[in-house]
Each structure stands twice: as structure tokens, then as C-alpha cells.
Amino acid sequence: MMRAVPCLFATVVFSHLLTIGVPSRAAEVLSAGDLISLAPRISSSDEKCKSIEIGGYLKEKDDFYMRFQAFYQSPDQFAFFLQDAADGTPILYSCNHKVLLYDPVSYSVLLSNDTNIEFSIMQIMDKFELSGDLIHTSKPCKLSFDIKSLLGGSVRSSKVDLVGNGKYRLTQITERGNSLVASVDMSVACPFQKLEIIDNKQHFTPICIDKILLNTPVVRDPFRFPSKETLAERITVREWPSNGLVEKLTGWALMMRACSIRVGARDSELRQTLRFPGFSTVDWEKVKENDKKFSRALRELLAPIPLK
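In this text, all values refer to a predicted model and were calculated from it rather than measured experimentally.

(A) Representation of helix α6 (residues 284-302). Here α6 is 19 residues long and its end C-alpha atoms lie 25 Å apart, about the 27 Å a rise of 1.5 Å per residue gives. Within α6, burial applies to Trp284, Val287, Asn290, Asp291, Phe294, Ser295, Ala297, Leu298, Leu301 and Leu302.

(B) Looking closely at the pairing of strand β13 (residues 179-185). The buried count for β13 comes to six of seven residues, which makes it a mostly enclosed element. Connecting strand β12 (residues 167-174) to the antiparallel partner β13 that follows it, the hairpin turn spans four residues, and Gly177 within it adopts a positive phi of roughly 90°. Strand direction decides the pairing type here: β13 and strand β14 (residues 192-199), joined by six bridges, are antiparallel. Pairing of Ser183 across the sheet is with Lys194, part of β14. Taking the residues that link successive antiparallel strands as the turn, the β13-β14 hairpin has six residues.

(C) Representation of the sheet that holds strand β5 (residues 89-95) within the structure. Strand order in the open sheet formed by twelve strands is β11-β12-β13-β14-β15-β2-β3-β4-β5-β6-β7-β16, with mixed pairing between adjacent strands. Edge positions in the open sheet fall to β11 (155-164) and β16 (236-239), since each of these has one partner strand only. Averaged over all pairs of adjacent strands, the angle between strand axes in this sheet comes to 15°, irrespective of strand direction. Sheet topology note: the strand β7 (residues 108-113)/β16 ladder contains four bridges and is parallel. The partner of Leu110 across the bridge, within β16, is Arg238.

(D) Representation of the state of the cysteines within the structure. Across all of its chains, the model carries zero disulfides by this definition. Not part of a disulfide, Cys190 finds its nearest cysteine sulfur in Cys49, a span of 9.9 Å.

(E) Geometry of the nonpolar core. The biggest cluster of nonpolar side chains holds 85 residues, and the ones touching the most others in it are Phe68, Ile121, Phe145 and Leu151. Among the elements that take part in this core, helix α5 (residues 251-266) stands out by supplying eight residues, more than any other. Residues within four places of Ile121 in sequence aside, it is in contact with Ile54, Phe68, Phe128, Glu129, Leu130, Ser144, Phe145, Asp146, Leu150 and Ile209.

(F) View of the sheet that holds strand β9 (residues 127-136). As summarised here, the arrangement of the four strands in space is β1-β10-β8-β9, forming an open sheet in which the pairing is mixed. The open sheet has two edge strands with one neighbour each: β1 (41-43) and β9. For this sheet, the mean angle separating the axes of adjacent strands, direction not counted, is 10°. The sheet contact formed by strand β8 (residues 115-124) and β9 spans ten bridges and is antiparallel. Looking across to β9, one finds that Ile121 is bridged to Leu130.

(G) Broad picture of the side chain of Ser149. When you line up the elements, Ser149 lands in helix α2 (residues 147-151). Assessed through its relative accessible area of 12%, Ser149 is described here as buried. Discounting chain neighbours no more than four positions away, the residues touching Ser149 are Met122 and Gln123.

The rules we used
Residues numbered from 1 in each chain as written. Predicted model: local features only at pLDDT ≥ 70, side-chain atom pairs only at ≥ 80, totals over all residues. Heavy atoms only, no water. Helix = DSSP H or I, 4+ residues; strand = E, 2+ residues; numbered from the N terminus. Expected span 1.5 Å × (residues − 1). Buried < 20%, exposed > 50% of the residue type's maximum accessible area, 1.4 Å probe, protein only. Pairing = 2+ DSSP bridges. Axes fitted to C-alpha atoms, helices over the stretch in contact; angles between N-to-C directions. Disulfide = S-S within 2.5 Å. Core = buried A, V, L, I, M, F, W, Y, C linked by side-chain atoms within 4.5 Å. Contact = heavy atoms within 4.5 Å.

As C-alpha cells, then:
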């Protein structure tokens, strides 16, 4: 099971379903309460939801920056990408009951069949929760994004700015002193277009969801998983789990570890700050040499959605 626990991230499985439609009120000047009341709870389990596309990034620092993209298309197509934003190299790709994870230390990819991902974003009490649980099951994948819970928590203050015709910026100051900023456009199917969590002390945005599309045709097909034979022509493929490390670390920790290794390979000064099992024995020069070949192969084989 893959659980998200880096920095601000924790784990939860979300299944509460409500409709995603909102009324058109572009002509009105709305208050914070009005906007929050229109915030949807998005779920692939909702019959009214024919397609979802969610994209954003997780950032610990400028040189440690991961981009995620999740897709759903009714009735049962699902895909999830996690990329190292430095060059777009796929770290994890999940598509229709298959999962691939890149491990730069073993110079291979770990491949699992009959595995689904349950990807969710929500808030419980005063804690932001982002999860990507890998589950060995034949049941359909799940994608959910509870915007209403993110905006409905306890806050110190709320402010609304009208930035255009039917366009708003809602800024909430949380109890911890951070900002949650929502960009709202009342002219589109899902008015909430972007959400940012900003660390005001460090003037830093560790979490941003900058693409939220509902019931909009997926323009570029993300539901193509290469065969094991095709992958094996370019990179070593191992069945997941393949060693003790996979058993000791969760799937999300393995993704963080893969990104950390690539950061360390690029910048020798940052290696001392990396805290994962086995890093003291890493052959960094060999990682750099193999990563050049394997990362290029993964970008070409998986053809992830281009980074902005």
C-alpha cells in the first residue's frame, strides 16, 4: 500500500459522494460563504461524473519538485502519473490495474499487475490529506477530490477578490498561519480552477492543484500501458515486490526515495540532506550513468503528459 506522508502529506481513503454540479451565478458578486457553498466533492464513483482530470505539484524545495496528474474516464478507465519535474521523468505510472515504479538505485522498474490506485485529496479537521494507496484488487480504481472539505475547515480569516467578470480569488488564512488560495471562474463547469497551499513563513508553495477538469473529453490519451516485453527492450524490469526494500517502505516512500536519489545524483551538496535507508551505499556515479539512459527510455515509452 502506498501512503503519502512527506511533510504536509498524510493518508486517508475517501468515499463520500455528492454531486459535482453548481449553479451559474457569474453575474453576482459572491461572498466567501457563497463560494465555499459551491465547492464540489469530486469522485469517479459519482454517476454524473463522466471524466476527471486533476493535475498539480508537490514541492519540498525548488530542486525537489514532483508533478502529479490523475485521469478518469467513465466507466472504468483510470491513469495516474508522478513525474520528477526537473526533466519530466516518470517515477510512477498507474493505468487500468497495472503499476510501474522507477527505482534509480537498482537501475530498473518495478512492475505490478492487478493493482489499483486510490488517489484522493481532502481535509480532515485541520489537516490536509493527500493519498495514493496502492491496493492489490481487481475492483475499479478510485479518484476523489473533496474541494468543499479543504475550504470548509477552521480558518482565521477569509477574503474574496473579484479579479474579472465572474472570476474570484478566495484567500483563507488557516489556524497555522498558512494561506489557502482558490481561483474561481463561474463561467466553466467546475468553477474551482486552482488551489494553492502557501507557507507564509517561508514564502513557499509546497502544494498546488492547478488543473481541475470535469466532464471534459480527455484530449490526449493517457490510458496506454506498455507491455512488459516493450519495457524490457529498453530497461530492466522486475516484478513488484522484488526485494526487501519494497516490503520495508510504502509505495509513496519509494516514490519519494526515487526522486531524492535523482536529486542527489544531480547535486552532490544535497546528498548529505537525504534521509532514506541505504543511501550511504549508493554508487552515485553509476546512478547518474544509468539514469541518463533509463530516464530517457521512460519518457519515450510512457509518453506522460508534458509538463507546463
